[in-house]
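Residue-level listing of the chains:
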Amino acid sequence: SILIVNHYATPPMYGGLTRHHYFAKYLKEKGYNVKILASSAIHNSDVNMINKKEKKLYKEITIDKVDYIYVKTCSYKNKLKRIINMLQYYFRAKKVAKNLDNYDVIYASTPQPLSALLGIKIAKKQKATSIVEVRDLWPESIVSFGLLSRKNIIIKVLYSLEKYIYTHSDKLVFTMEGAKEYLKEHHIKYNKYYHLNNGIDLKKYNLDFEENKINDKDLNNKKFKVVYAGSLRFIYDIKKIADVAKSFLNIKDIEFLIYGAGPYKDEIENYCKENNINNIKFKGFVDVKYLPYILSKCNLNLLHGLNSDVFKYGTSTNKSFMYLASGKPIISIYNNKYDLIKKHKCGITLKNTEVNDYHKAILKFYNMDKKEYLEYCNNCKKLSLEYDYERLTDKLIKIIEE
């Protein structure tokens, strides 16, 4: 029996962080008893699984045959509310855990470090095996993006917490391949270390492709369509994509489509209007179930964001696996020695992310002969099979059972 402790675990209908939903689904199919302990407030949405009128500490709900235990927490739109939400989850989930059956394995996931700490505490209480999964190198990512200084007291506390978590869990699972390098550089001792990438549920992806199509003239035109799908936040540097689009204003046959919402959407749209960048279209939020069809109608995917030293240990973005499943080439900015895009010839990984470098890469695919382009497409499809969640769950089982 396995308890997955993940503050931000999300069912597929809300998109986002669905990794543990699929792990739970396939673990259950393979005979395991699995439940997910999650926050009632769905991350990056207005959804709360327990409304304010319900005077419950937690609620159990089964979604797509996956059993969730939702801990009541406040919804949030700002940083202060989010911190309150994190603390609520930790202390309330700790109380909820006292009412639960004992489990053999507590599988706790970051990036919220209190989730990992909670998992270790529950495992110790229940005499279970504790496995901590690290999906983001907190606080290294915060420092790397320049959001807070390494000398900041909050960052120092987070580094101490990180070290405690890594040394007190029975096993560590990282989504980034080079995390072992990170641990050595930071002189962090650890027990057993494993690498298990993010992925995609291909059954769900293919079903969505068949059942969820949309009528959009921008998708049905004959232009060469370059697409970005994801959040429009500071770290994804959408302004750079706008500047790249501007460099193609003289080629009327190339169009940029942006699918997603976020705090920077209005700012970037205004920037495009002010600079007469009319070959980029902002399609707004779209339900994730429509993305397989949307991506099938486009020609090139952008895996884009602000670059950072932390990416030298590898990346494992959710959208990259959806892009691979679409069978369309990818231009990525995450250049490192663990890069799947470059290794398997699924696209181009830029060494530099200046507008001119982007321009040349896009132009290469635009002018590419059909045979070579289809080779890239086939490589993407083939690689996506390796990261199907059903296959990844088999790898997870080996880690659990070892």
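Residues numbered from 1 in each chain as written. Predicted model: local features only at pLDDT ≥ 70, side-chain atom pairs only at ≥ 80, totals over all residues. Heavy atoms only, no water.

Caption draft 1: Expanded view of the nonpolar core. Residues L37, Y166, F174, F256 and I280 are the most contacted members of the largest nonpolar core, which totals 138 residues. Here this core gets seven residues from one element, more than from any other, and that element is helix 3 (residues 113-126). (Core = buried A, V, L, I, M, F, W, Y, C linked by side-chain atoms within 4.5 Å. Buried < 20%, exposed > 50% of the residue type's maximum accessible area, 1.4 Å probe, protein only. Helix = DSSP H or I, 4+ residues; strand = E, 2+ residues; numbered from the N terminus.)

Caption draft 2: Region of interest: the pairing of strand 5 (residues 105-109). In terms of residue burial, strand 5 counts as a mostly covered element, since five of its five residues are buried. In strand 5, alternate side chains face the same way, and those of V105, Y107 and S109 on one face and I106 and A108 on the other are all buried. Examined bridge by bridge, strand 1 (residues 2-5) and strand 5 share four bridges and lie parallel to one another. Counted as the bridge partner of I4 is Y107 from strand 5. Pairing between strand 5 and strand 6 (residues 129-134): five bridges, direction parallel. Pairing of V105 across the sheet is with T129, part of strand 6. For the crossover from strand 5 across helix 3 to strand 6, the handedness is right-handed. (Pairing = 2+ DSSP bridges. Right-handed = clockwise from strand over helix to strand, strands pointing away.)

Caption draft 3: Focus on the pattern of salt bridges. If you walk through the whole model with that rule in mind, you get 24 salt bridges. E133 is paired through a salt bridge with R19; the nearest N and O atoms lie 2.9 Å apart. You can see E133 sitting in strand 6 and its partner R19 sitting in helix 1 (residues 19-29), a full 114 residues away along the chain. An identical accessibility class is assigned to E133 and R19; each is buried. Of the charged contacts in the structure, one is a salt bridge between K239 and D243, with a shortest N-O distance of 3.4 Å. A residue pair is termed a helical-turn pair when its members lie 3 or 4 positions apart in one helix, as K239 and D243 do in helix 9 (residues 238-246) at four residues. Using a relative accessible area of 17% as the deciding quantity, one classes D243 as buried. Salt bridges sharing partners connect three or more residues here, namely D216, D218, K223, E255, K281 and K283. (Salt bridge = Lys/Arg side-chain N within 4 Å of Asp/Glu carboxyl O.)

Caption draft 4: Representation of empty space enclosed by the protein. In the structure shown here, the tally under the stated rule is two cavities of 30 Å³ or more. What the largest cavity holds in volume is close to 170 Å³. Looking at the largest cavity, it is lined by 20 residues, and the ones nearest its centre are T315, S316, Y338, D339 and L340. Elements with a contribution of two residues or more to the lining of the largest cavity: helix 12 (318-326) and helix 13 (340-343). Residue contributions to the lining of the largest cavity peak at three residues, all from helix 12. Looking at the lining of the largest cavity, its residues break down into eight nonpolar, ten polar and two charged. In this structure, the second largest cavity occupies an estimated 90 Å³ of space. T110, P111, P113, A116, V134, D136, W138, P139, L158, E162, I165 and Y166 are the residues that line the second largest cavity. When residues of the lining of the second largest cavity are traced back to their parent elements, those giving at least two are helix 3 and helix 5 (153-168). At four residues, the largest contribution of residues to the lining of the second largest cavity is made by helix 5. Looking at the lining of the second largest cavity, its residues break down into nine nonpolar, one polar and two charged. (1 Å grid on protein atoms, 1.4 Å probe; cavity = no way out; pocket = protein on both sides within 12 Å on 5 of 7 lines; lining within 4 Å. Points joined across faces, edges and corners; volume = space filled by probe spheres on them. Nonpolar A, V, L, I, M, F, W, Y, C, P; charged D, E, K, R; others polar.)

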